[in-house]
Amino acid sequence: MSALSSAVLVAVMAFSFTHTANASVWDKKMTPAEVETTLDKKFEEGKYSAKGADTCLMCHKRSDKVMAIFGGVHGAITSSKSPMAGLQCEACHGPQGKHRGANEPMIAFGKDSTLPAEKQNSVCLSCHQDDKRMNWESSHHSSADIACASCHTIHAAKDPILAKDTEVAVCTSCHTKQKADMNKRSAHPLKWNQMVCTDCHNPHGTTTEADLVKPTINDTCYSCHAEKRGPKLWEHAPVTDNCVNCHNPHGTVNQAMLTARPPQLCQQCHASDGHASRAYQGNTGLGGTVNGSAFTGGKSCLNCHSQIHGSNNPSGKLLQR
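About the criteria used
- By convention here, each chain's residues receive numbers from 1 onward along its written sequence.
- This being a predicted model, a pLDDT of at least 70 is required before a residue's local features are given, and a value of 80 or more before pairs of side-chain atoms are given or counted; all residues contribute to the totals for chains, interfaces and linings.
- The basis for the side-chain values is all heavy atoms of the structure; hydrogens and waters are excluded.
- Strands are runs of DSSP state E lasting at least 2 residues, helices are runs of H or I lasting at least 4, and numbering of each runs from the N terminus.
- Throughout, exposure labels follow a simple rule: accessible area from a 1.4 Å probe, protein chains only, divided by the maximum for the residue type, with under 20% read as buried, over 50% as exposed, and the rest as partly exposed.
- In what follows, a contact means two residues having at least one pair of non-hydrogen atoms within 4.5 Å.
- Exposure was quantified through the Shrake-Rupley algorithm and a 1.4 Å probe, taking into account, for residues, occlusion by the shown protein chains and nothing else.
- To estimate the expected span of a helix, count its residues, drop one, and scale the result by 1.5 Å.
- Here the arc refers to the set of directions running from the helix axis out to each C-beta atom.
- Whenever two N or O atoms come within 3.5 Å, that pair is a polar contact, provided that in protein one can donate a hydrogen and the other can accept it, and provided that, for residues adjacent in sequence, both atoms are side-chain atoms.
- In the sections that follow, a salt bridge refers to a side-chain nitrogen of Lys or Arg positioned within 4 Å of a carboxyl oxygen of Asp or Glu.

Helix and strand content of the protein chain: 13 helices and two strands. Each of the 321 residues in the protein chain was classed as buried or not, and the buried ones make up 34%. Contacts in the protein chain between residues far apart in sequence, at least 24 positions, make up 54% of those at least 6 positions apart. Accessible surface computed for the protein chain: about 19400 Å², of which carbon and sulfur atoms make up 55%.

Turning our eyes to something else, we now look at unusual backbone geometry. The phi torsion of most residues other than glycine is negative, and most of the peptide bonds are trans. In this model, G230 is joined to P231 through a cis peptide bond whose omega is 0°. Between P262 and P263 the backbone carries a cis peptide bond, its omega angle lying at 5°. Along the chain, P263 falls in the loop between α12 (237-241) and α13 (264-267). Phi at M257 is positive, roughly 55°, even though this residue is not glycine. Mapping M257 onto the fold places it in the loop between α12 and α13. Positive phi outside glycine occurs at L319, with the angle close to 60°. Assignment of secondary structure puts L319 in the segment after β2 (290-291).

Right, let's talk about helix α2 (residues 32-45) for a bit. Spacing of three or four residues puts side chains on the same side of an α-helix, whose turn is 3.6 residues. With 14 residues, α2 ought to run about 20 Å at 1.5 Å a step, and its terminal C-alpha atoms sit 20 Å apart, in line with that. For α2, every residue scored as buried is listed here: P32, V35, E36, L39, K42 and F43. With its buried residues spanning 125° around the axis, α2 presents them on a single face. More than 90 degrees from the buried face of α2, the exposed residues found are T37, K41 and E44. Looking one or two residues past α2, G46 carries a phi angle of roughly 60°, positive in sign.

As for its placement among the helices and strands, R261 is situated in the loop between α12 and α13. A relative accessible area of 55% places R261 in the exposed class. Sequence separation between R261 and C246 is 15 residues, and the spatial gap between their C-alpha atoms is 9.8 Å.

What follows concerns the environment of K184. Note on placement: K184 falls in the loop between α10 (176-182) and α11 (217-222). A relative accessible area of 32% means that K184 is categorised as partly exposed. Sequence-wise, K184 and T252 are 68 residues apart; in three dimensions their C-alpha atoms are separated by 5.6 Å. Ignoring sequence-local partners within four residues, the contact set of K184 consists of G251, T252 and V253. Among the polar contacts listed, one links the side chain of K184 to the side chain of D181, at a separation of 2.8 Å.

Time to look at the pattern of salt bridges. Applying the stated criterion to the full structure yields five salt bridges. Where E104 meets K42, a salt bridge forms, and the shortest distance between an N and an O atom there is 3.9 Å. Of this pair, E104 sits in the loop between α5 (89-93) and α6 (117-125) while K42 sits in helix α2, placing them 62 residues apart in sequence. Neither residue differs from the other here; E104 and K42 are each classed as buried. The shortest N-O distance in the salt bridge between R133 and D130 comes to 2.4 Å. Judged by relative accessible area, R133 falls into the partly exposed class, the value being 22%. When salt bridges that share partners are traced, they join K177, D181 and K184 into one network.

Laid out in structure tokens, this is it:
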């Protein structure tokens, strides 16, 4: 037996089903508690099939969804890293025991499973342990009881969440607010798949807020927007503090993904100094035209204070040059 098979066997045998599941019964015959008790007994007995996947396929080969696994990495028999090289189907679904004919439950994955997400995920994590998943237990997805199978499609030649052209669609099936934002007039090119969610976030968790791939929000932004990185001779406090003070990276209706339109955005801070203390709204003239000024027309405050992200000019104290 390979090292991988041994590791999976130990993980599966140690699988504890003490948490009461809140899902449907197995084949409409057993309660969730009975399913867990039966599985617990099966793991203690450890009665794996002598013929592995061949036994399973006697019934399940008619399912295209089941057979699709042989087109992907999890079904690669020749790979020592694949479950098919060891316990095969039972490496993930548990020992067969007396399952044949649906007489006993197996480990099921996804939204229809009787098992809680934590138990499902422990099977996946028995193999998938690396530096990209080391913070899974403290991640937002783990805290929300999201199962690996909620995002990943194992029985497939190509997992949609791992493909750049389909990743965003999978993520936004849950993150609907971000889906709405990315379709606004000013947004990162997520809807054209020129960027994907994992360019900025690690869905398996990190030690930073929002599971960002970099230590801070600004460091994440600077990985593309390097020209905004300081230090500058004259710095703008909200810029060095946090990019999202002014921008919503998922998209807004305002230019440059600003959270509000200038001068209103600027006046959230500059409300009591000099000309910024006046409320500039712009005046609507005859026929609905806007009679703008340097304070309201064009780029508003940026008509004069063009170096809003900071200036290196000796005379740039007011970010005008």
